[in-house]
Amino acid sequence: MTANATARPLNPQRDVFNQRLPLVIVIMVIVSGALLLRMLSFQQLAPEVLNELRPDYDREVRLAAARGLVYDHNGQRLAVNTLEYRIGVSPNLVSDPPRTARLLATILGIDELEVFRAVTSTAVWELLASRVPAEIGQQVEQLKNDGQLLAVTIEKIPRRSYPQGTLGAQLLGFVGGDLKGYYGVEGRFQDQIAGRAREEIVSDIPFAVPNDTEPDRGADIYLTIDRDIQFLVESQLALAVDQTGATGGTIIVMNPRNGNILGMASWPSFDPNAFLTADVEAWRNPAISDEYEPGSVLKVLTVAAGIEAGTITPNWTYNDQGRLDICGVPVLNWDRRAYGVVDTTGLLVNSLNVGAGTIALEMGPNSFYAMMSRFGMGRLTGINLAAEADGTMLTMGDPEWSQSNLCTNAFGQGIAVTPLQLVTAVSAIANDGLMMQPNVVERIVDGDQIIWSQPTALGRPISADTAHTVRDMMVQVVNQGLDEGARLSGYTVAGKTGTAEIPIPTGYRTDRFIMSFIGFLPADDPQVIVLVKLDEPTSGNWASQVAAPVFRQLAERLVILLEIPPDAVRQALIEQGGAVNAIQR
């Protein structure tokens, strides 16, 4: 028998496997290639599509930069950044549900059974608290770092905080839940304060490593506002509203030399830390957004306009018969009296409507409205705050204008201004005829770059001589006229009141008024101009009884805060070679 080689046992399964192996390898290579191409194609999809395709524990969010801070003139913080925490849990990673539920319920202050249901659910991730204060969130974070709450996710959420509470709320505005600024400085300077946001994938996996990349930080804003003066203004306004029964009011304090706003407040206001609980109407700043007919305060501009235009002189006189009938509507003095022969100063001292209407008639509409326009009536002041209104002034050519407008506009009726417009216009009398643009921002600090605000003149509506003449008349209004309630011991005050009727569709109300006083001091070298406006007060019939004393009470403390010495001290200082302008503010 012939010998054969050693025979290999038959294995049909191995033979089949060996035969199919190349085919399996080819199929795997094809499938892998297809998967790789599919993954690459995902990168070309829109972000919102990719966001839906990602696992439930990944989210694409827009992370805002840290907003710049807002400071007052002296560096006191008015708006800062704080953190809140978003707390969640991955149930499938919880090793001890009862203990975890007990710890979280105690710290977060929520029902333990509710937390237990969350940590034992079948979901990939459960939200436990959407807005947790920083101190509570840090407690959770500490326990997580200690290994006691490893299944918990903690997401830091930036929030805006206002450490001074309601102080300056309508000046500052607020930051909404979308981290955007609204109203005031926050809204006007949103682009500068907000910085540059970035997109990032946030994971709800508790062990995911966070991205430490910081987005660009926003610029810091330093305001012209003095915190102490702002507090004084708001306190005095709240007291005045309470004592006079007014429905609201506004006080503005400005430096007439450069237009810097030192204090600005309106009532009612709100707390920007809790803006959602406030009436949305309180978010607006009435000092720049609300128009009203100013009444007799406007007579100082009419007199200044008449003198500047050469229509009248300081010694001009007219025969006041208590009534003016050539305007289309009868014009009467506030007390219905006739005053006989009255000069220009007497017109202001006695606040005579007939005299103001007479000046406007002698000027004519072209000259009168040209001068009012130079004072900024009917146009924006350009203050660096959001939502300023431009006022209303009808002129010849407007369908609703008539000659009666010319007469009534002269004493502040039928013409509407914002409180800020009025302060800006009268500041030209205080500032030697030069009208400055109001300003609330002293400087913007963006990293190493500092941008300083520069005083800007809106124009020179009147000459220095005219300004000084009207200023002296306004001093007589306070010293000898109806507005003696505004007198301040040791200081010469220039001022004027206004008791304005409130328009309604059928004419004007006869039971309620807007009462105001505007004044500046020291009259011969004005350092500050103040407007007090009270809406519908019930404690008196005239602004001289209601608004003028509020000015005095405010000014008594204002001269201390601003370190403005009494006239006698100031004159002695000047004689020795000094000047009040050299005093540090």
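Structure shown above.
Note that this is a predicted model, so its numbers are computed, not measured. (Residues numbered from 1 in each chain as written. Predicted model: local features only at pLDDT ≥ 70, side-chain atom pairs only at ≥ 80, totals over all residues. Heavy atoms only, no water.)

K.L.:
Could you give an account of empty space enclosed by the protein, naming the residues involved and the relevant values?
P.N.:
A probe as big as a water molecule, rolled over the atoms, marks out the empty space that is left. A full pass over the atoms with the stated rule returns two cavities of 30 Å³ or more. Approximately 60 Å³ is the volume attributed to the largest cavity. Lining the largest cavity, in full, are Gln-170, Tyr-183, Gly-184, Trp-283, Arg-284, Asn-285, Ile-288, Ser-289, Leu-385, Ala-386 and Ala-387. Considered class by class, the residues forming the lining of the largest cavity number six nonpolar, four polar and one charged. Summarising the domain contributions, the lining of the largest cavity has at least three residues from each of domain 1 (62–200) and domain 2 (227–575). Every residue along the wall of the second largest cavity is listed here: Leu-78, Leu-167, Gly-168, Leu-171, Leu-172, Leu-223, Ile-225 and Gln-230. Class assignment of the residues belonging to the lining of the second largest cavity gives a composition of six nonpolar, two polar and no charged. (1 Å grid on protein atoms, 1.4 Å probe; cavity = no way out; pocket = protein on both sides within 12 Å on 5 of 7 lines; lining within 4 Å. Points joined across faces, edges and corners; volume = space filled by probe spheres on them. Nonpolar A, V, L, I, M, F, W, Y, C, P; charged D, E, K, R; others polar. Domains from an automatic or database assignment.)

K.L.:
Before we move on, can you summarise the sheet that holds strand E20 (residues 494–504) with the specific residues and values?
P.N.:
The strand order across the open sheet formed by five strands is E11-E10-E22-E21-E20, and the pairing between neighbours is antiparallel. The open sheet terminates on both sides in strands that have one partner only, identified here as strand E11 (261–267) and E20. Averaged over all pairs of adjacent strands, the angle between their axes in this sheet comes to 10 degrees, without regard to strand direction. Both E20 and strand E21 (residues 507–521) contribute to a ladder of ten bridges, which runs antiparallel. Within E21, the position partnered with Lys-496 by the bridge is Ile-518. Together, strand E10 (248–254), E11 and strand E22 (528–535) form the strand contacts of helix H9 (residues 227–244), whose direction differs from that of E11 by roughly 30 degrees. (Pairing = 2+ DSSP bridges. Helix = DSSP H or I, 4+ residues; strand = E, 2+ residues; numbered from the N terminus. Axes fitted to C-alpha atoms, helices over the stretch in contact; angles between N-to-C directions. Contact = heavy atoms within 4.5 Å.)

Don't take any of this as a statement about function, it's just geometry.
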